[in-house]
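# Fold and geometry: a report
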Amino acid sequence: MPELPEVEALAAYLRERAVGHTVERFEVSSFSALKTYDPAPSAVAGLPVTGAGRHGKFLDVTFGEDLHLVVHLARAGWLHYRDAFKSPAPLKPGSGPIAVRVRLDDGSGFDLTEAGTQKSLAAYLVRDPAEVPGVARLGPDALAVDRDQFAERIRGRNGQIKGVLTDQEVLAGIGNAYSDEILHVAKMSPFALTSKLTDEQITTLYEATRQVETDAVTRSVGQKAAELKGEKRAGMRVHARTGLPCPVCGDTVREVSFADKSLQYCATCQTGGKPLADRRLSKLIR
Ligand SMILES: [Zn+2]
């Protein structure tokens, strides 16, 4: 799933490539992906692209003065920028992975796509991004808080740090992948309880968050959309590296289930050498 750095990079790419161009056609192929009906998709045609940014992990493309296409790419969604489209024919409804296509006046444009059968990409055409429920609920951006605000947000929610860090209402932008990386850099157990963190641990976690997210933004911005996924994978130390050596200590990266996903960590670096128990699995056995 694209997180803060990838969405930031997609927005930066759109600012460079699409802003200033006029929309020729705004095509919707998957009507289940478009969650709004007013303003109609036809309202976008003829408007210039005037900006691109993000709210947490939501991408926000602005057309004209105040029309926003707000997109949550979900797990398998992506934005593909096309220098040219193969066919001028409009998309057929419900065909293939393309949910939305935006054609610009220079022949280029972009597709919002979603792989797989489970469709959860969500697009909204709104006058105000705050009309999108997921955007309205977002906490402050993970890169916009200082150390004390960070402490207040994290301590304001009781729970395991892995869950609290990825809770978009606590801090916006951190997802499953970079939270694994942040906890590895901070040398903290993903299951540590926020209520028990010392001031020093909060500071370490804050600094690790800034370091991991800022490094990833630096690596990602300037990359083409097509290259971002590889860049993200290449920069990972523990996430999605189960069975591979930890780059810090050489111990084997382990995996444990968490919520409906799994997380990766290094026992030597993060949990005093003790592997975490897989709670879901032990529940099944009992
Ligand atoms: Zn390690």
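Residue positions are counted from 1 within each chain, in the order its sequence is given. Under the rules for a predicted model, residues below a pLDDT of 70 receive no local features and side-chain atom pairs below 80 are neither given nor counted, while totals for whole chains, interfaces and linings still include all residues. Where side-chain values are given, they derive from all heavy atoms of the structure, hydrogens and water being excluded.

### Some remarks on the overall build of the protein
The secondary structure content of the protein amounts to nine helices and 10 strands. For 286 residues, the compact-globule estimate of 2.2 N^0.38 gives 19 Å, and the C-alpha radius of gyration of the protein, at 20 Å, lies within 12% of that figure. A simple rule labels every residue: compare its accessible area, found with a 1.4 Å probe on the protein chains alone, to the largest value its type can have, and call it buried under 20%, exposed over 50%, or partly exposed in between. The proportion of buried residues among the 286 residues of the protein is 50%. Two residues form a contact once any of their heavy atoms are found within 4.5 Å. Summarising the internal contacts of the protein: among those between residues at least 6 apart in sequence, 66% fall at separations of at least 24. Only DSSP runs of H or I reaching four residues or more are called helices, and only runs of E reaching two or more are called strands; each is numbered from the N terminus. For the radius of gyration, the atoms used are the C-alpha atoms, and the globule rule reads 2.2 Å times the number of residues raised to 0.38.

### Overview of the domain arrangement of the protein
Here the protein is partitioned into domain 1 (4-136) and domain 2 (147-270). Annotation comment: domain bounds sourced from an automatic or database domain assignment. Look at where the C-alpha atoms of domain 1 and domain 2 centre, and you get two points 29 Å apart. Each partner contributes to the interface: domain 1 provides 13 residues, whereas domain 2 provides 19 residues. Summed over both partners, the accessible area lost on bringing two parts together, with a 1.4 Å probe, is the buried area. Broken down residue by residue, the surface that domain 1 buries against domain 2 is led by Pro-5, Glu-6 and Trp-78, which jointly contribute 35%. Criterion for a salt bridge: a side-chain nitrogen of Lys or Arg within 4 Å of a carboxyl oxygen of Asp or Glu. Summed over the shared surface of domain 1 and domain 2, the number is one salt bridge. The salt bridge involving Glu-6 is made with Lys-232; its shortest N-O contact spans 3.8 Å. Polar contacts, as used here, are pairs of N or O atoms within 3.5 Å; protein pairs need one atom able to donate a hydrogen and one able to accept it. Residues neighboring in sequence count only if both atoms are side-chain atoms. For the pair domain 1 and domain 2, the number of links is two residue pairs in polar contact (both at pLDDT 80 or more). Looking at the side of domain 1 that touches domain 2, the elements with two or more residues in it are α1 (4-17) and β5 (77-82).

### Some points on the packing of aromatic side chains
Note on aromatic contacts: the rings of Phe and Tyr and the six-membered ring of Trp form a pair at centre separations within 6.5 Å, being stacked when their planes are under 30 degrees apart, edge-to-face when over 60 apart, and tilted otherwise. Scanning the entire structure with this criterion turns up five aromatic pairs. For the ring pair Phe-26 and Phe-63, a centre distance of 6.4 Å and an interplane angle of 85° mean the geometry is edge-to-face. With Phe-26 in strand β1 (residues 23-28) and Phe-63 in strand β3 (residues 58-63), the pair connects residues that are 37 residues apart, well separated along the chain. Across this residue pair, the class does not change: Phe-26 and Phe-63 are buried. Every member of this aromatic cluster is reached through a ring pair, and the members are Tyr-13, Tyr-81 and Phe-110.

### Observations concerning the environment of Ser-179
Here Ser-179 is to be found in helix α5 (residues 176-185). According to the relative accessible area criterion, Ser-179 is buried, its value standing at 0%. Residues Ser-179 and Ile-161, 18 residues apart in the sequence, show an inter-C-alpha distance of 9.2 Å. Once residues within four sequence positions are removed from consideration, Ser-179 is found in contact with Lys-162, Leu-165, Thr-166 and Ile-174.

### Description of α5
For the α-helix, the turn length of 3.6 residues means that residues three or four positions removed from each other point alike. Taken across its 10 residues, α5 has eight buried, putting it largely inside the fold. Residues of α5 that are buried: Ala-177, Tyr-178, Ser-179, Asp-180, Glu-181, Ile-182, Leu-183 and His-184. Trailing α5 by a residue or two, Lys-187 shows a phi angle of about 55°, which is positive.

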